[in-house]
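Examining the three-dimensional arrangement
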Amino acid sequence: QGARESEGYQTWVNTPAATYVAVEDETILGTYYIKANQPGLGAHICNCGYIVGEHARGKGIATALCKHSQQEAKKMKFRGMQFNCVVSTNTVAVRLWQKLGYTIVGTIPGAFQHPKQNCYVDAFVMFKSMLE
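So, here's what we can say about the structure.

Description of the overall build of the protein chain
Scanning the protein chain from terminus to terminus reveals 3 helices and 6 strands. Of the contacts formed within the protein chain by residues at least 6 apart in sequence, a portion of 53% connects residues at least 24 apart. Of the roughly 8,300 Å² of accessible surface on the protein chain, 53% is carried by carbon and sulfur atoms.

Below, the structure is given as structure tokens:
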């Protein structure tokens, strides 16, 4: 578990340009990070990762976090936002991102080893321009 925790800390706290946390009554509901998707010549496109706690699902937290991340991306002068690995079987997330204006720009066959389905499933690359 220690290696996974340090990996998570590196991903969520050390590497991003910023990390945000949604809190209600001192309870963490969700979090996201924002960072350049690629260094150097690709740094004008950002990437975000989101986590919403089990207890907070279905309450609009992911929507609020995503909308906030879009505002922050524009403030940081990012020209677009790309999600690199949206698991195709996570239909709730796929529908939400599409509702918020993201399009599937690519499919990576068998990119995700699904822990519950015990098989490899596709992942989508999704994108939205921040220039609008």
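Next comes the rest of the account.
Focus on the nonpolar core
Membership of the largest hydrophobic core comes to 27 residues, with the highest contact counts inside it found for Ile34, Tyr50, Met81, Phe83, Trp97 and Tyr102. Secondary-structure elements contributing two or more residues to this core are β1 (18-24), β2 (27-36), β3 (45-52), α2 (61-75), β4 (80-87), α3 (91-99) and β6 (119-129). Ignoring anything within four residues of it in the chain, the contact list for isoleucine 34 reads Pro16, Ala17, Ala18, Tyr20, Cys46, Asn47, Cys48, Ser69, Glu72, Ala73, Met76 and Phe78.

Observations regarding the environment of lysine 59
Here lysine 59 lies in the loop between β3 and α2. Considered as a pair, lysine 59 and leucine 29 are 30 residues apart in the sequence and their alpha carbons are 9.6 Å apart.

Topic: unusual backbone geometry
At glutamate 26, a residue that is not glycine, the phi angle is positive and equals roughly 65°. Its place among the elements puts glutamate 26 in the loop between β1 and β2. Residues other than glycine seldom take positive phi values, yet lysine 77 does so here, at roughly 70°. As for its placement among the helices and strands, lysine 77 is situated in the loop between α2 and β4.

Notes on the sheet that holds β1
Sheet architecture is open: 6 strands sit in the order β1-β2-β3-β4-β6-β5, paired in mixed fashion. Every other strand in the sheet has two partners, leaving β1 and β5 (103-114) as the edge strands with one partner each. Strand after strand, the sheet turns through a mean of 25° between neighbouring axes, direction not considered. Direction of pairing for β5 relative to β6: antiparallel, over a ladder of 8 bridges. Bridge pairing in β6 places isoleucine 104 opposite methionine 126. Across the sheet, α2 is in contact with β1, β2, β3, β4 and β6; its angle to β2 comes to roughly 35°.

Procedures and definitions
The numbering scheme is per chain: residues are counted from 1 as the chain's sequence reads. Local features are withheld for residues below a pLDDT of 70 in this predicted model, meaning they are given only at 70 or higher, and side-chain atom pairs are given and counted only at 80 or more; totals for whole chains, interfaces and linings count all residues. Computation of side-chain values covers all heavy atoms of the structure but excludes hydrogens and water. Helix and strand assignments follow DSSP, with helices taken as H or I runs no shorter than four residues and strands as E runs no shorter than two, numbered in order from the N terminus. Residue contacts follow a heavy-atom distance rule, with two residues in contact if any of their heavy atoms lie within 4.5 Å. What sets the accessible areas is the Shrake-Rupley method with a 1.4 Å probe; for residues, cover comes only from the shown protein chains. Side-chain atoms within 4.5 Å link the members of a nonpolar core, which is a set of buried Ala, Val, Leu, Ile, Met, Phe, Trp, Tyr and Cys residues. Here's how the labels work: a residue is buried when its accessible area is under 20% of the maximum for its type, exposed when over 50%, partly exposed in between, all with a 1.4 Å probe on protein chains only. Pairing between strands requires that DSSP locate at least two bridges from one strand to the other. Simply put, an axis is a line fit to the C-alpha atoms, just over the touching stretch for a helix, and the angle between two N-to-C directions goes from 0 to 180 degrees.

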